[in-house]
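Given next are the chains, with one letter for each unit.
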Amino acid sequence: MDRKQIGAALDRLGEGIALFDAARRLTLANAAIIALLPARPRRGTTLEALLVALGQHGAPTNPRIVAPADPATFLPADGQTERHQTWNDSAGRTWRLTTRLHADGASLAAADVTTLEADLATERRAMRMILEHMPDGVMLYERSSRRQFGNKRLMEFQSFPPELIERGATGKELLRFQAWRGDFGRVPTDDADAEALMQERLAFLNSPAGQRYTRMTYGGYWVEFNHHRLPDGSVLATYRDVTALKQREAELEAARAEAEANAAAKQNFLALMSHELRTPMHGVLGLLEVLEMGDPRAEQRRPLALMRHSATDMLRLLDDILDVSRLDAGRMALEAAPFDVRATVSAAIATLAEAAAAKQLPVITDLPRRAVWRLGDAMRVRQVVLNLLGNAIKFTTAGEVRVALHAARDAITITVSDTGPGIAPEAQVLLFNPFTQADDSTSRRFGGSGLGLSIVRGLARQMGGDVALDSAPGQGARFTVRLALPVVAAVRVAPPKPRDLPRAGGGLRLVIADDHPINRAVLLRQLAELGITADAAADGDAALALWRRHRPPAVLLDLRMPGLDGFAVARAIRAEEPRGARTLLVAVSAEAMKRERDACLEAGMDAVLSKPVSMAQLADALAPVLATADALVDRARLAALADDAGLRQAILTRFAQGAEADIAAILAAPDARALRDAAHRLRGAAAMAGAMVLSERAAAAEHAAAAADEPAARALAETLPGLLRESLAAHLRTGSRRRSASGSRRRG
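Since we're looking at a predicted model, the values are computed, not measured. (Residues numbered from 1 in each chain as written. Predicted model: local features only at pLDDT ≥ 70, side-chain atom pairs only at ≥ 80, totals over all residues. Heavy atoms only, no water.)

It is worth spelling out the sheet that holds strand E16 (residues 412-418) at this point. The strand order across the open sheet built from 5 strands is E13-E15-E16-E18-E17, with neighbouring strands paired in mixed fashion. Looking at the sheet topology across the chains shown, the edges are occupied by strand E13 (363-366) and strand E17 (466-471). Direction aside, neighbouring strands of the sheet carry axes that sit 15 degrees apart on average. By the bridge criterion, 7 bridges tie E16 to strand E18 (residues 477-483) in an arrangement that is antiparallel. Looking at E18, one finds that Val416 is bridged to Phe479. Seen against the sheet, helix H13 (residues 378-395) touches strand E15 (401-407), E16 and E18 and runs at an angle of roughly 15 degrees to E16. Helix H16 (residues 452-462) contacts E17 and E18 of the sheet and is inclined by roughly 135 degrees relative to E17. (Pairing = 2+ DSSP bridges. Helix = DSSP H or I, 4+ residues; strand = E, 2+ residues; numbered from the N terminus. Axes fitted to C-alpha atoms, helices over the stretch in contact; angles between N-to-C directions. Contact = heavy atoms within 4.5 Å.)

Within the span of helix H11 (residues 341-351), buried status applies to Val341, Thr344, Val345, Ala348 and Ile349. In a view along the axis of H11, the buried residues occupy a sector of 135 degrees, so they form one face of it. Two or three places before Arg342, at the opening of H11, Asp340 has a side-chain oxygen 3.0 Å from that residue's backbone nitrogen. (Buried < 20%, exposed > 50% of the residue type's maximum accessible area, 1.4 Å probe, protein only. Arc of directions from axis to C-beta. Polar contact = N/O pair within 3.5 Å; in protein donor to acceptor, adjacent residues only side chain to side chain.)

Strands sit in the order E20-E19-E21-E22-E23 across an open sheet of 5 strands; the sheet is parallel. Each edge of the open sheet carries a strand with a single partner, namely strand E20 (533-537) and strand E23 (607-610). Across the sheet, the mean angle separating the axes of adjacent strands is 20 degrees when strand polarity is ignored. Across 3 bridges, strand E19 (residues 509-513) lies against strand E21 (residues 554-557) in parallel orientation. The partner of Ile512 across the bridge, within E21, is Leu556. Its contacts with the sheet put helix H18 (residues 540-550) on E19, E20 and E21, and the angle it makes with E20 is roughly 140 degrees.

Across the 7 residues of E16, 6 count as buried, placing the element largely inside the fold. Sheet topology note: the E15/E16 ladder contains 7 bridges and is antiparallel. Across the sheet, residue His406 finds its bridge partner in E16, namely Thr413. Connecting E15 to the next strand, E16, in antiparallel fashion are 4 residues.

With a phi angle near 65 degrees, Arg24 is a residue other than glycine that sits in the positive phi range. With respect to the secondary-structure elements, Arg24 resides in the loop between strand E1 (16-20) and strand E2 (26-29).

It is worth spelling out the packing of H13 against H16 at this point. Two elements in contact, H13 and H16, have axes whose closest approach is 9 Å; the angle formed by their N-to-C orientations is 145 degrees. For the pair H13 and H16, the crossing hand works out as left-handed. The segment H13 lies against H16, with Arg380, Gln383, Val384, Asn387, Leu388 and Asn391 engaging Gly452, Leu453, Ile455, Val456 and Leu459. Counted by class, the contact of H13 with H16 contains 6 nonpolar, 4 polar and 1 charged residues. (Left-handed = near helix turned anticlockwise from the far one by under 90°. Nonpolar A, V, L, I, M, F, W, Y, C, P; charged D, E, K, R; others polar.)

The next subject is the side chain of Asp183. Its location among the elements puts Asp183 in the loop between helix H7 (171-181) and helix H8 (191-205). Looking at Asp183, the relative accessible area reads 10%, which means it is buried. A polar side-chain atom of Asp183 sits 2.7 Å from a polar atom in the side chain of Arg181. If we ignore the near neighbours within four places in the chain, the residues touching Asp183 are Gln178, Arg215 and Tyr218.

Quick look at the nonpolar core now. Within soluble globular proteins, side chains that are nonpolar generally end up buried alongside one another. Val345 and Phe479 are the most contacted members of the largest nonpolar core, which has 41 residues in total. Looking at this core, the elements that each hand over two or more residues are H11, H13, E15, E16, H16, E17 and E18. With 7 residues, the single largest contributor to this core is H13. Ignoring anything within four residues of it in the chain, the contact list for Val345 reads Leu367, Val385, Val403, Leu405 and Ile414. In terms of nonpolar packing, the next biggest core, distinct from the first, is built from 25 residues, Ala669, Ala678, Leu682 and Ala717 among them. (Core = buried A, V, L, I, M, F, W, Y, C linked by side-chain atoms within 4.5 Å.)

Under the defined criterion, the tally for this structure stands at 25 salt bridges. Its salt-bridge partner being Asp662, residue Arg681 comes within 3.4 Å of it at the nearest N-O pair. With Arg681 in helix H26 (residues 672-689) and Asp662 in helix H25 (residues 645-667), this pair connects stretches of sequence that are 19 residues apart. By sharing partners, the salt bridges in this structure join Arg574, Glu577, Arg582, Asp606 and Glu718 into a single network. (Salt bridge = Lys/Arg side-chain N within 4 Å of Asp/Glu carboxyl O.)

This part takes up the packing of aromatic side chains. The geometry of an aromatic ring pair is captured by the separation of the ring centres together with the interplanar angle, meaning the angle of the planes. Taken as a whole and assessed by the stated rule, the structure comprises 4 aromatic pairs. Geometrically, the ring pair formed by Phe225 and Tyr239 is edge-to-face, given 5.0 Å between the ring centres and 80 degrees between the ring planes. Residue Phe225 is located in strand E10 (residues 222-229), and its partner Tyr239 is located in strand E11 (residues 235-241); the two are separated by 14 residues in the primary sequence. For Phe225, a relative accessible area of 2% puts it in the buried group. An aromatic cluster of at least three residues, connected via ring pairs, comprises Phe204, Tyr213, Phe225 and Tyr239. Above the plane of the ring of Trp222 lies Lys246, whose end atom (NZ or CZ) is 4.9 Å from the centre. Across from the ring centre of Trp547, 4.0 Å away, lies the NZ or CZ of Arg551, which sits over that ring. (Phe/Tyr/Trp six-rings, centres within 6.5 Å; stacked < 30°, edge-to-face > 60°. Lys NZ or Arg CZ within 6 Å of the ring centre and 35° of its normal.)

As a further point, take the packing of H26 against helix H27 (residues 692-706). One can describe the packing of H26 onto H27 by two numbers: an axis separation of 8 Å at closest approach and a directional angle of 160 degrees. Comparing their axes, H27 and H26 come out roughly antiparallel. Classified by chirality, the crossing of H27 by H26 is left-handed. Taking contact as the criterion, the partners of Ala672, Leu675, Arg676, Ala679, His680, Leu682, Arg683, Ala686 and Ala687 in H26 are, on H27, Met692, Leu694, Ser695, Ala698, Ala699, Ala701, Glu702, His703, Ala705 and Ala706. (Parallel < 35°, antiparallel > 145°, perpendicular 65-115°, else oblique.)

What follows is the structure, encoded as structure tokens:
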């Protein structure tokens, strides 16, 4: 094909074409591109000259190009081989010019895109309208941080001055302005500081992974900022107004804080009421116990029994109210120790046997023949049975009551049914709510607070189960409780031995502290029954002064007292007492909350008694100081090991060394398992040597550690060093008495 044929073919194209040789001189131009020029170009015209003519005959569409006649407007930049430019000719048509540089020349192509550009312009206007009226802010930055676009909503959020936007401020200028305004947390001290803050913010926003954060803008909006890096290096920023959401969050937070404050106020009120009610109850029940121990006349015994029954009912009601509160607040702490469910259920049935017999109601049981060992809280399971069985006996006037226990691998089921009046469906819906009974006549006829079933449901759910009711009017009621209690191996439990209350051997003097005069009087009287005298203090400062003066072996502390409270007194005593001379500190508190017990142990107390306190509870808490030489040691055990006094002394010496090592291991045990093992060793060695109280205390620490109650185990462990010293001293006193008696016989 010759040159003329090539030219004719190019003329038939709709696109303009111009070809240039290696020197960038025109070798060929078709009719379409000639029509764009003011005059027909001659062969040999340079590319630059043709571009100048093209620029004079029209104008680039980009208004930022201020020198349209400059050929550099259309030439590729350094290092590039191609440049695209949109250009309007004098007739109003829009062309897309493409300049390409080749190793052997160059080319210029012109394509008519008038229609396409019109369509794109329409789309751009529509898109701009959408962006301008959308509720979110939008801004697009070029790679160089030049701002390409920012909608009206963004300007509202950021409160930029109009003059900054109108003159086309770059992204860096906008960030610098925000830095000076203090948008980023602080106001710069000088220009260099402002520049550093701007660059820091720019690097943050240009993170390759993008950024998403929320802050309040200068205009008072809470805005969620999202910055995304696009493939071409530009950054798209979107801004969403979350002010309403933040306000709602603030309202919810205020509501949550108010609810927590109300819950705390409720807990504090219940704790206060517990304190105020248990304090007089301690006086009533304590004095009743003293009166009953004083061999009252026959005509006094029944009134005393009725008084005790009424006071016990009041105390049970108080405990129920506290249990409902704990369950409602999710603060009911359950024990996790091995126990025999069958024995627990049987004991609960035996407790209410007298009440059933008084109404001539047989209690028919369906219990497993063997023990049912599970891990859980025996006291709370007993409480469930007592509440259900107590209700069944209370509301049944004729017929029978049945109690069944069934054990599966992962749970136990307790069923209590009766032949009472039954419960209507509409009443069943409300029956498990606190302070609710089937109808108003129920409380008038049978009494009660309506708390029992609420407690049953709460305890069942906390033990991983629930309670179900099957009843209809005239057909009795059947309550079925399912409890998720894990299976555990059987534990050997020694049966409780009946015992008389111990009495101090004489000369034992303690300190008691309570701001309530009746409580002080009751405690003094109870201690006197145990053979103990005491100095009484009405506040914590006086109690601490008495301890400093007399250094008693034990102090009984009320928690809420004027001046120093019981916690502060305990901490002061622990800080001042010499190492190895540990005073027995017993809290006698009207509080019944677990948090109070934990706080007592944390303050350094050894035991916590909740008012009202019985003498048996006092005797148990004061056992370390009540123990006499005969109670501390069993002479027969040591005598059985060796008849010779020298050999007995050698055995005691070896026992003392081994016991000291075991106690050191107990106190330094890193976990409950190590503590349990060391306590087990001490228990056996102490029993062999006849140190019976020490052996029992070690056994108690061992059992507490085995039940995962490490705080209780460690509290018991703290008493072991002093108990070992007292046991060894008791053995020496026993030996001295034996030698003295022998000498007297020889002298006689």
